[in-house]
Amino acid sequence: MIWLMILFPLLGAFINGLVLRKAPKSVSHAVAVGAMLASFACAAVTFAHLMGSGGEAKVIHGFPWISAGGFSAPFNLILDRLSGLMILIVTGIGSLIHIYAGGYMHEEKSTSRFFSYLNLFVFMMLLLVLGDNMLVMFVGWEGVGLCSYLLIGYWFQDDANAAAGMKAFIVNRIGDIGFLVAIFLTFKHFGTVSFSELREMVGSGTLDAIKLGAVGWITICLFIGACGKSAQLPLFVWLPDAMAGPTPVSALIHAATMVTAGIYMMTRVNFLYYLAPSTMTAVAVVGGLTAFFAATIALVQNDIKKVLAYSTVSQLGYMVMACGVGAFDAGVFHLLTHACFKALLFLGAGSVIVAMHHKQDMREMGGLSKYMPVTHAVFLVGVLAIIGFPGLAGFFSKDEILWKAFTGGGPALWIVGTVTAGMTAFYMVRLLCMTFYGPNRSDHHTREHLHETPVMMWAPLVVLALLSATVGYLGVPEVLGGHNIFHHYLDPVLMIPAQVSENWAFLTVHHEHALELGLMGASVGVMFLASGLAVALYAKGPAPVLATWANSFRRTYDVLTNKYYVDEFYDAWIVRPLHDMSEFLWAIFDVVLIDGIVNGVGQVCALAGGLASFRMTGSVHRHSMVLVLGLVVLLFILVV
Amino acid sequence: MEFFNSHVLSIMTFLPLMVAAAIFIVPDDKFARVAALGGSILTFFVSLHVWHYFNAGSAKIQFVESYVWMPEFGIRAIFGVDGISLLLVMLTTALTPLVILSLWNSHVSNLRYFFGALLALQTGMLGALVALDLVFFYVFWEVMLIPMYFIIGIWGGARRIYATTKFILYTVVGSLLMLAAAIVLYISYHRQTGIYSTSILDLYNASLDTTTQLWLFGCFALAFAIKVPMWPFHTWLPDAHVEAPTAGSVILAGVLLKMGTYGFLRFAIPMFPLAVKSFAPILVFLGVVGIIYGALTAWVQQDAKKLVAYSSVSHLGFVVVGSVSLLADGSLSVEALTGAIYQMINHGVSTGALFFLVGVIYERRHTRMLADFGGLASVMPWFSVMLIIATLGSVGLPGTGGFVGEFLILLGTYQSSPVAAVMSATGVLLGAIYMLTLCRKLLFGPVTHDENKKMKDLSPLEFSYLVPLALLVIIMGVFPDFFLAKSKASIEHLAKNYRSYSLAIDSH
């Protein structure tokens, strides 16, 4: 069943990519959606089986893949509560997005290539989450990167899209080198790269100092990989550019699934991270900073997808921060809720973009609630979910992270998280207002054609909105009278090795309910304040006072709109010097120096040969004979 | 059948030469192409026979044939294959029919001589791979040069004479050093044992002192380093590739370069083991420099073919690093060596495909400058699919053979030298940069040149030689064990026992 689940999307990709290249859109859409639904059904059955048998982890043996010397990486899968959850997210939300994409790509001439890539992506993502060793995971890891590259650059006629795809692939590969080095280290020190075997090794004994040191490096290197894929500082630059792809792609790959792979991977090897406290500190700090910086950028963006992109970076920062304080379950819980509401927000934005004839600038929108009531309603749910409106999904998951950040990371981390939550509320409400409320600012022609999207597009949104509203109740904290089902669900996946258990005691220790409630109240208060401010400034279109503020804080404003000039910095200090050096190596070192020597030697030989050979026979044969004899003599002198 | 079984390697080796002779005699291009294709396919089937009956569990030399030639000098013609040479033999016999297919409708002058030269070249390559006698190896090694000299010199581009002369002189300088070293080895062996022998099975047992081994290793290594080519002896390669016709480039990159890395494994390392410890760091250093240098220079090329040529310098750097990664206990890393051997094959497949693809657009537009293209994905979708698959193989995406090779090389190297492995791993990143730059400039963006709007997508003929390579890129990534199973025993034998190496003859 599990193999079928993986193979359906691959089959769909093959059919669409090779057989149906000229097929009508409806056929290629039907094939892709059919493959996804079949895969989802298999996933659901697999999950039911898993939970039916108590949720015990099991390894499913495939075929021997790579083996050489002492190394072997069989193509085995691991099915446990973590990967079980992930396959539901990937195939479930994946199916909804596939259905939606049929409507979104309506104006394309042919969509078989698009759906082929999209199905292939799901296949790779399933390999990523199911691989039982680092190498199989790495197949999925780079495979989703490939699909991301192909889909970002889907409209390749525009060179900017192709450039964005390439940037995504290359920045990800920087992280991938970290991943690779982590694999080498793991093999060197543990002799295996299988997750289940590693877990057993770590769980069954105490590690010596050398192994502990190695674990420090392994976790750091893996985290570099996670920074690439999950768009953390300093490797986040590819994700905003990735918005060049069609919006369903942004929803599926660059919000709900692929970009969360880093969090998934760290959770998969949580027992190693627990052993490396310094790495954990670095993870928490990077996550917190990423959450904060990305949110500041999102405050001033005017492109609807760019706001959501930076919001994604910021939310991923939350998840990484949760991992960093040891609360992997909170991180994965936020992964789940985020997958629902961010997919909803992106698809909602996609509907808006379609209605607006592919304009994405929010300054030209406004008042769309009148024209698109359904989209507006579901979008509102999404916004409330992400800003942590009490009762919706984001509230529970974000609050869990903030609470763990406070108890595990201290007040500073909590403040960063809470301020970020405030900014999140501000920019999301700003986005909501600029898009759906106030006067419509689009031109006459666009306004005439504004309309609600077809049912194929809004129906998946309704499902996602229901999920965004309800999925949070899986993790109601005990302080609110819940049982935090989710926490208990993931418990068997997490393993704190005995030798470091006191480091992580705070994760289980009982705290004052008053404190938890107080912090919760504070963050909700910040959220309401920030939302209120955004409503006041943007509810009737951007308030005039904003322009004056932008002017009086021109420098700050410019830094934010230009995303801290990070891209420019990388370009000026890394890409260009490297390119110039390469030019130098080729044009000067290769062509002038080495070839100069080679040609020079040739000329000297010709000259010398001409002088030495009175009869000017020019016989290569003779010269080579002399050369050989000379060498033989020389060698004999040395040998004898 | 009895005769076939006991002479299968010489039949495989000399069949192409005999077909070449027939082609020279019959003055007809149509006959030439049918004969060339038929002959090369027949050769491939003979090699499949060898593959099929090769005993996977054994590290011995198999299908051995031995003929007395000049007994007074101890020169015998000994042919045999083991797991080290088997994959390269298969690569050679598989690539040659595809190259001949690519010339099926060619309009170059003297086409039949081109076919003849290719087949003669194939005999040279196969001979060098199966010869287990120094004299015969040397003869085949030099025989490879002559057809390639003509292929570049006659059917090449504008600066073909410069390029082909440079190619020959570079190689000959190295070969002569190797010859000199071989003579010293021959005489030393005689002084020790009183026996004249050029059989490398005997010469493996020569016990030379360290100084001699260092000198002889150096001479052999230089010859092989030029052939690979390792940095800084690589400048003949871009020139040779740019001037060579497509078919020549495919063979040159696909098989010829590997003769250098094969030489290290068959000759330099097991014959002069005491020198390995001193030379390994140098070779690893040059390999790492080659990986990075080749990648960086590839990145700034304007000519698609030159870009692919420099990428070979980078890829072969990986092979060199993997061939000499010395562990603390003095043995070679089995993982790295496996990767190196696999990477030779992968490089032959994916770079062969890349040269074919560059040839496809050159034939249509008579230019290879990147600036003359752009947006080909709209006009040539199948071409784009093939180029992207070849690119993925080249950048070593997991799921392609290139990944298996590079990964094993890096994994093994990391156990011996983490610094070298991490430095080499940057090649994985740089590889993506230059290959995706190539794809972007050729395939993506708007179609800016009117001439490109009418470019025809791949013809059935072009499919016929590109599809097998594209399939191989993926199959080799998913089922590496199928290809590597027959080499395992030999690789482990070499890696663990190269210090007291001997090759036994499988007598069945």
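Residues numbered from 1 in each chain as written. Chains lettered and ligands numbered in written order. Predicted model: local features only at pLDDT ≥ 70, side-chain atom pairs only at ≥ 80, totals over all residues.

**Let's talk about the overall build of chain B**
Let me state the cut-off plainly: Helix and strand assignments follow DSSP, with helices taken as H or I runs no shorter than four residues and strands as E runs no shorter than two, numbered in order from the N terminus. Only C-alpha atoms enter the radius of gyration; for comparison, a globular chain is expected to reach 2.2 Å times N to the power 0.38, where N is the number of residues.
Check the secondary structure of chain B and you find 22 helices and two strands. Taking 23 Å as the expected radius of gyration for a compact globule of 508 residues, we find that chain B reaches 22 Å, a close match to that expectation. A principal-axis box enclosing the C-alpha atoms of chain B has dimensions of 75 × 55 × 40 Å.

**So, helix α2 (residues 25-52) of chain A**
Stated formally: Multiply 1.5 Å by the residue count of a helix minus one, and that product is the helix's expected span.
In a regular helix each residue adds 1.5 Å, so 28 residues correspond to 40 Å; α2 of chain A covers 40 Å between its end C-alpha atoms and thus fits that length. Following α2 of chain A by one or two positions, G54 of chain A adopts a phi angle in the positive range, close to 90 degrees.

**Some points on the nonpolar core**
Stated formally: In these notes, a nonpolar core means any group of buried Ala, Val, Leu, Ile, Met, Phe, Trp, Tyr and Cys residues linked to one another through C-beta atoms within 7 Å. Exposure is read from a count of other C-beta atoms within 10 Å of each residue's own; the residue is exposed at 12 or fewer, buried at 20 or more and partly exposed in between. C-beta atoms are placed from the backbone. Here contacts are defined at the residue level, using C-beta atoms placed from the backbone and a cut-off of 7 Å between them.
Core analysis: the biggest nonpolar cluster contains 436 residues, and L126 and A343 of chain A together with F220 of chain B have the highest contact counts within it. Looking at this core element by element, the count peaks at 18 residues for helix α15 (residues 328-355) of chain A. Among residues more than four places away in sequence, those in contact with F220 of chain B are M178, A181, G263, F267 and A268 of chain B.

**Let's talk about the confidence of the model for chain B**
As a reminder of what qualifies: In predicted models, pLDDT denotes the confidence assigned by the predictor to each residue on a 0 to 100 scale.
On average, residues of chain B score 92 in pLDDT, and 100% of them are at 70 or above. The ipTM value of the predicted complex is 0.92, and its pTM value is 0.93.

**Some thoughts on the environment of S112 of chain A**
Residue and element names in this part refer to chain A. Note that S112 resides in helix α4 (residues 112-130). Measuring from C-alpha to C-alpha, the distance between S112 and L18 comes to 9.0 Å, with 94 residues separating the pair along the chain. When sequence neighbours within four positions are dropped, the list of residues in contact with S112 reads N16, L20, R21, A23 and S28.

**With respect to the domain arrangement of chain A**
Rules: Domain start and stop positions are those given by an automatic or database domain assignment.
In terms of domains, chain A is made up of domain 1 (276-561) and domain 2 (567-639). Computed over C-alpha atoms, the centres of domain 1 of chain A and domain 2 of chain A are 62 Å apart.

**Thoughts on the packing of helix α14 (residues 304-324) of chain A against helix α17 (residues 393-409) of chain A**
All names here are of chain A. We count it as follows: Fitting a line to C-alpha atoms yields each axis, with helices limited to the stretch in contact; the angle taken between N-to-C directions then spans 0 to 180 degrees. Each angle is binned into one of four classes, with values under 35 degrees roughly parallel, values over 145 roughly antiparallel, values of 65 to 115 roughly perpendicular, and all other values oblique. In a left-handed crossing the near helix is turned counterclockwise from the far helix by less than a right angle, and in a right-handed crossing that turn is clockwise.
Two elements in contact, α14 and α17, have axes whose closest approach is 9 Å; the angle formed by their N-to-C orientations is 45 degrees. Here α17 runs oblique to α14, going by the angle between their axes. Along this stretch, α14 crosses α17, giving a crossing that reads as left-handed. Residues Y318, M321 and A322 of α14 pack against K398, I401, K404 and A405 of α17.

**Points about helix α8 (residues 209-229) of chain A**
Side chains that are three or four residues apart share a direction in an α-helix, a result of its 3.6 residues per turn. Residues and elements named next belong to chain A. When the terminal C-alpha atoms of α8 are compared, their 30 Å separation across 21 residues agrees well with the 30 Å that a helix rising 1.5 Å per residue should span. Within α8, the full set of buried residues consists of V215, I218, T219, C221, L222, F223, I224, G225, A226, C227, G228 and K229. Contact partners of the buried residues in α8: α5 (134-152), α6 (159-190), α11 (261-268), α12 (270-274) and α13 (277-298). At the exit of α8 stands A231, carrying a positive phi of roughly 55 degrees.

**As for the environment of M495 of chain A**
Residues and elements named next belong to chain A. Tracing the chain through its elements places M495 in the loop between α21 (485-490) and α22 (513-538). Each C-alpha atom, one on M495 and one on V269, is 9.1 Å from the other, the two residues being 226 residues apart in sequence. Other than its neighbours up to four places away in sequence, M495 contacts R199, G203, N270 and F271.

**Remarks on the interface of chain A and chain B**
For clarity, the threshold we go by: Gly is put with the polar residues, along with every residue not named as nonpolar or charged; the nonpolar set is Ala, Val, Leu, Ile, Met, Phe, Trp, Tyr, Cys and Pro, and the charged set is Asp, Glu, Lys and Arg.
With 46 residues of chain A at the contact, the number on the chain B side is 48 residues. Elements with a contribution of two residues or more to the side of chain A that touches chain B: β2 (66-68), α5, α6, α25 (566-612) and α26 (620-639) of chain A. The residue inventory of the side of chain A that touches chain B, partitioned by class, reads 30 nonpolar, nine polar and seven charged.

**Notes on the packing of α13 of chain A against α14 of chain A**
Residues and elements named next belong to chain A. Taken N-terminus to C-terminus, the directions of α13 and α14 make an angle of 160 degrees; their axes are 7 Å apart at the nearest point. Classified by the angle between their axes, α13 and α14 sit roughly antiparallel to one another. Where α13 crosses over α14, the two elements pack in a sense that is left-handed. Residue-level inspection shows M280, V283, A284, V286, G287, G288, T290, A291, A294, A295, I297 and A298 of α13 in contact with α14, the latter providing V307, Y310, S311, V313, S314, G317, Y318, V320, M321, C323 and G324. When grouped by side-chain class, the residues that make up the contact of α13 with α14 number 16 nonpolar, seven polar and no charged.

**With respect to the pairing of strand β2 (residues 75-81) of chain B**
As a general feature of sheets, a regular strand has side chains that alternate between the two faces. All names here are of chain B. Rule in force here: Strand pairing is defined by DSSP finding a minimum of two bridges between the two strands.
Of all seven residues that make up β2, five are buried, and the element is covered over most of its length. With six bridges joining them, strand β1 (residues 62-70) and β2 adopt antiparallel strand pairing. Residue pairing for β2: M70 is matched across the bridge by I75. The antiparallel pairing of β1 with β2 creates a hairpin that spans four residues between the two strands, and G74 there sits at a positive phi of about 70 degrees.

**With respect to unusual backbone geometry**
The linkage connecting L233 of chain A with the following residue, P234 of chain A, adopts the cis geometry, with an omega of -5 degrees. Mapped onto the secondary structure, P234 of chain A falls in the loop between α8 and α9 (238-241). Omega for the bond connecting W231 of chain B with P232 of chain B falls within 30 degrees of zero, at 0 degrees, which places this linkage in the cis form. Inspection of the secondary structure assignment puts P232 of chain B in the loop between α9 (210-227) and α10 (236-243). Here the phi dihedral of N484 of chain A falls at roughly 45 degrees; this positive angle occurs in a residue that is not glycine. Since 19 C-beta atoms lie within 10 Å of it, N484 of chain A is described here as partly exposed. The phi dihedral of N110 of chain B falls on the positive side, at around 55 degrees, and the residue is not glycine. Along the polypeptide, N110 of chain B turns up in the loop between α4 (83-102) and α5 (111-130).

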